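Chain residues, written in single-letter form:
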Amino acid sequence: MIKERLCREYIEEIERLQLSVRELEEEIIELRMQLRKKTEEVTSLSIENTSLRHRVELMERRERQILELLKKLKVPLVLVDEDEFEDINVED
């Protein structure tokens, strides 16, 4: 009797533990999927960032080349730092 009762308790505990293991495995699968999505997102953002950085470098190089050309042609230039000025609303 005691042996049967103990065995039944152990069997119930084993079943409970097996259920917990299955739930944990499902959670691990879900977390892996989330990690994969985040990794893909980071990779995509990194590629986009690299592309944008390259475009900015090209624009800066073009700007320098244009300025050098204008200097050689002796075209009068006024360079304005937009950050130093406040926005002005012009009403009609």
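What counts, and at which threshold
Residues numbered from 1 in each chain as written. Predicted model: local features only at pLDDT ≥ 70, side-chain atom pairs only at ≥ 80, totals over all residues. Heavy atoms only, no water. Helix = DSSP H or I, 4+ residues; strand = E, 2+ residues; numbered from the N terminus. Rg over C-alpha atoms; globule rule 2.2 N^0.38 Å. Buried < 20%, exposed > 50% of the residue type's maximum accessible area, 1.4 Å probe, protein only. Patch = residues over 30% accessible without salt bridge, like charges linked within 9 Å, V, L, I, M, F, W, Y side chains within 5 Å. Areas by Shrake-Rupley, 256 points an atom, 1.4 Å probe, with all protein chains shown as cover. Salt bridge = Lys/Arg side-chain N within 4 Å of Asp/Glu carboxyl O.

Chemist: It is not clear to me how the overall build of the protein should be interpreted in this structure. Could you clarify?
Modeler: Assigned secondary structure in the protein consists of 1 helix and 0 strands. In terms of C-alpha radius of gyration, the protein reaches 34 Å, well past the compact-globule figure of 12 Å for 92 residues. Expressed along its principal axes, the backbone C-alpha trace of the protein runs to roughly 105 × 35 × 20 Å. Split into buried and exposed, the 92 residues of the protein put 0% on the buried side.

Chemist: Explanation requested: a nonpolar patch on the surface in the structure shown.
Modeler: Residues Met1, Ile2, Leu6, Tyr10 and Ile14 make up a contiguous nonpolar surface patch of roughly 630 Å² in combined accessible area. Residue classification places isoleucine 2 among the exposed residues on the basis of a relative accessible area of 65%.

Chemist: Can you walk me through unusual backbone geometry in this structure?
Modeler: Glycine aside, negative phi is the norm for most residues, and most peptide bonds take the trans geometry. Of note, the phi angle at lysine 74 is positive, near 60 degrees, even though the residue is not glycine. Within the fold, lysine 74 resides in the segment after helix H1 (2–72).

Chemist: Help me understand the pattern of salt bridges in this model?
Modeler: Any two side chains of opposite charge can pair if their charged atoms end up close together. Within this structure, the stated rule accounts for 2 salt bridges. The partner of arginine 16 in a salt bridge is glutamate 13, and the shortest N-O contact between them spans 2.6 Å. Of this pair, arginine 16 and glutamate 13 are both found in helix H1, 3 residues apart, which corresponds to roughly one turn of the helix. Of the residues examined, glutamate 13 reaches a relative accessible area of 34% and is grouped as partly exposed. Close ionic contact of lysine 38 with glutamate 41 constitutes a salt bridge, the shortest N to O distance being 3.9 Å. In this pair, lysine 38 and glutamate 41 are both assigned in helix H1, 3 residues apart and thus about one turn of the helix distant.

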